[in-house]
Amino acid sequence: MHILSEQQIQRNRRRLSLLLILLLIPFILASLMVRFEVWLPTNSVNNGDFLQDKEPFYRWPWQAQDSFPDVLKQHWLLVLVNHHACQGECQHWQQQLQQIHKALGKEGDRVRRVFLQPVLTASGLPATPEGMGDQSIRQWHGLTMSDPDRQARPWLGKDYQVLIVDPMGNLVTGYAASHSGRDLLRDLRRLLKASSAG
């Protein structure tokens, strides 16, 4: 049996104490940074605008539907907001969203595209081009709203033409005409990678 001398015991205690101090330093620094808001990142990595404090998408007053369609629940949604006839920016985003959906590959099965339009100008849904994969997944789904319900959300369509909605129905990000399809694709890939929902 090997017996340690008093000197060796003291040396081992100092090493153990030093090791514990080194392990605690990052936790102490992190708590100080959060408490005093020092060295915290100020920039976000998203390209779209975060939509906070908005009513969940599933609870909006939908026209011509008894409730929100089940086929859209538990999926990520790309919502194209249309005011009148789909022209100009609307057509541009329509093509972009089809290409984005295709670019997602197998992750695209977790995403559905929604065409949101007013009741009075409700027209047919955009056609899904051939070669876009399974039609039941890649097709457009239509939702309509009355004008008073749209006017109760002045930011809808005015500030944002495309919305990303998570599988729980929360509005995540909005994209205006100044954003590109590439911006939306980057954000959507990041969201799909970070979340197992949908």
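Just so it is clear, the structure is predicted and the values come from calculations on it, not from any experiment.

### Some remarks on the overall build of the chain
1) Next: Helices and strands together make up the secondary structure of the chain, namely five helices and six strands.
2) Next: Partitioning the intrachain contacts of the chain with sequence separation of at least 6 by distance along the chain shows that 74% fall at a separation of at least 24.
3) Next: Only carbon and sulfur atoms are counted for the fraction: they give 55% of the accessible area of the chain, which is about 12,400 Å².

### A closer look at the nonpolar core
1) Next: Counting 20 residues, the largest nonpolar core has Leu78, Leu80, Leu97, Ile164, Leu184 and Leu188 as its most contacted members.
2) Next: Mapped onto this core, the elements with two or more residues apiece are strand E2 (76-81), helix H2 (89-103), strand E3 (111-118), strand E5 (162-165), strand E6 (171-175) and helix H5 (181-194).
3) Next: Every residue in contact with Leu80, bar those within four places of it in the chain, is listed here: Cys90, Trp93, Gln94, Leu97, Val114, Phe115, Leu116, Trp140, Gln161 and Val162.
4) Next: One finds Tyr58, Val81, Val114 and Tyr160 within the second-largest nonpolar core, a separate group that totals 19 residues.

### What to know about the packing of H2 against H5
The packing of two helices is summarised by the inter-axis angle and the distance between the axes.
1) Next: In contact at an axis separation of 10 Å, H2 and H5 are set at 35° when each is read in the N-to-C sense. As for how H2 packs across H5, the hand of that crossing is right-handed. Across from Trp93, Gln96, Leu97, Ile100 and Ala103 in H2, the residues of H5 making contact are Gly181, Leu184, Leu185, Leu188 and Arg189.

### Some details on the confidence of the model for the chain
1) Next: Averaged over all residues, the pLDDT of the chain is 79; the fraction at 70 or higher stands at 82%.
2) Next: The secondary-structure element of the chain with the lowest mean pLDDT is helix H3 (residues 135-138), recorded at 59, while helix H1 (residues 6-36) shows the highest, at 91.

### Regarding H1
1) Next: Over its 31 residues, H1 extends 44 Å from the first C-alpha to the last, a length consistent with the 45 Å expected when each residue adds 1.5 Å.
2) Next: Along its length, H1 shows its largest kink, about 30°, at Leu24, and proline Pro26 lies within four residues downstream of that point.
3) Next: Where H1 terminates, the next one or two residues include Glu37, which has phi positive at roughly 50°.

### Considering the pairing of E6
1) Next: With five of its five residues buried, E6 lies for the most part within the structure.
2) Next: Across two bridges, strand E1 (residues 49-50) lies against E6 in antiparallel orientation. Following the sheet pairing, Asp49 is matched in E6 by Gly174.
3) Next: In this structure, E5 lies alongside E6, joined through four bridges in antiparallel fashion. Residue pairing for E6: Leu163 is matched across the bridge by Gly174.
4) Next: In textbook terms, the turn of a hairpin is the stretch between consecutive antiparallel strands, and for E5 and E6 this stretch comprises five residues, one of which, Gly169, has a positive phi near 95°.

### Section: the pattern of salt bridges
1) Next: Evaluated as defined, the whole model comprises three salt bridges.
2) Next: Residue Asp183 pairs with Arg186 through a salt bridge whose shortest N-O separation is 3.9 Å. With Asp183 and Arg186 both in helix H5 and three residues apart, this pair spans about one turn of that helix.
3) Next: What makes Arg186 partly exposed here is its relative accessible area of 43%.

### Quick look at the side chain of Thr173
1) Next: Take Thr173: it is sitting in strand E6.
2) Next: Looking at Thr173, its side chain comes within polar contact range of the side chain of Tyr175, at 3.1 Å.
3) Next: If sequence neighbours within four positions are ignored, Thr173 has contacts with Asn46, Gly48, Asp49, Phe50, Leu51, Val162, Leu163 and Ile164.

### Some details on the sheet that holds E6
1) Next: Pairing within the open sheet is mixed, and its six strands lie in the order E1-E6-E5-E2-E3-E4. The outermost strands of the open sheet, each flanked by one partner alone, are E1 and strand E4 (140-145).

### Regarding the side chain of Asp166
1) Next: Topologically, Asp166 is positioned in the loop between E5 and E6.
2) Next: Despite being buried, Asp166 has no salt bridge partner; Arg110 is the closest side chain of opposite charge, sitting 11 Å away.
3) Next: A distance of 2.8 Å separates a polar side-chain atom of Asp166 from the backbone nitrogen of Asn170.
4) Next: Once residues within four sequence positions are removed from consideration, Asp166 is found in contact with Tyr58, His75, Trp76 and Val172.

Quick notes on the rules
Residues numbered from 1 in each chain as written. Predicted model: local features only at pLDDT ≥ 70, side-chain atom pairs only at ≥ 80, totals over all residues. Heavy atoms only, no water. Helix = DSSP H or I, 4+ residues; strand = E, 2+ residues; numbered from the N terminus. Contact = heavy atoms within 4.5 Å. Areas by Shrake-Rupley, 256 points an atom, 1.4 Å probe, with all protein chains shown as cover. Core = buried A, V, L, I, M, F, W, Y, C linked by side-chain atoms within 4.5 Å. Buried < 20%, exposed > 50% of the residue type's maximum accessible area, 1.4 Å probe, protein only. Axes fitted to C-alpha atoms, helices over the stretch in contact; angles between N-to-C directions. Left-handed = near helix turned anticlockwise from the far one by under 90°. pLDDT = per-residue confidence, 0-100. Expected span 1.5 Å × (residues − 1). Bend = angle between axes of the 7 residues up to and from the residue. Pairing = 2+ DSSP bridges. Salt bridge = Lys/Arg side-chain N within 4 Å of Asp/Glu carboxyl O. Polar contact = N/O pair within 3.5 Å; in protein donor to acceptor, adjacent residues only side chain to side chain. Lys, Arg positive; Asp, Glu negative; His and termini not counted.

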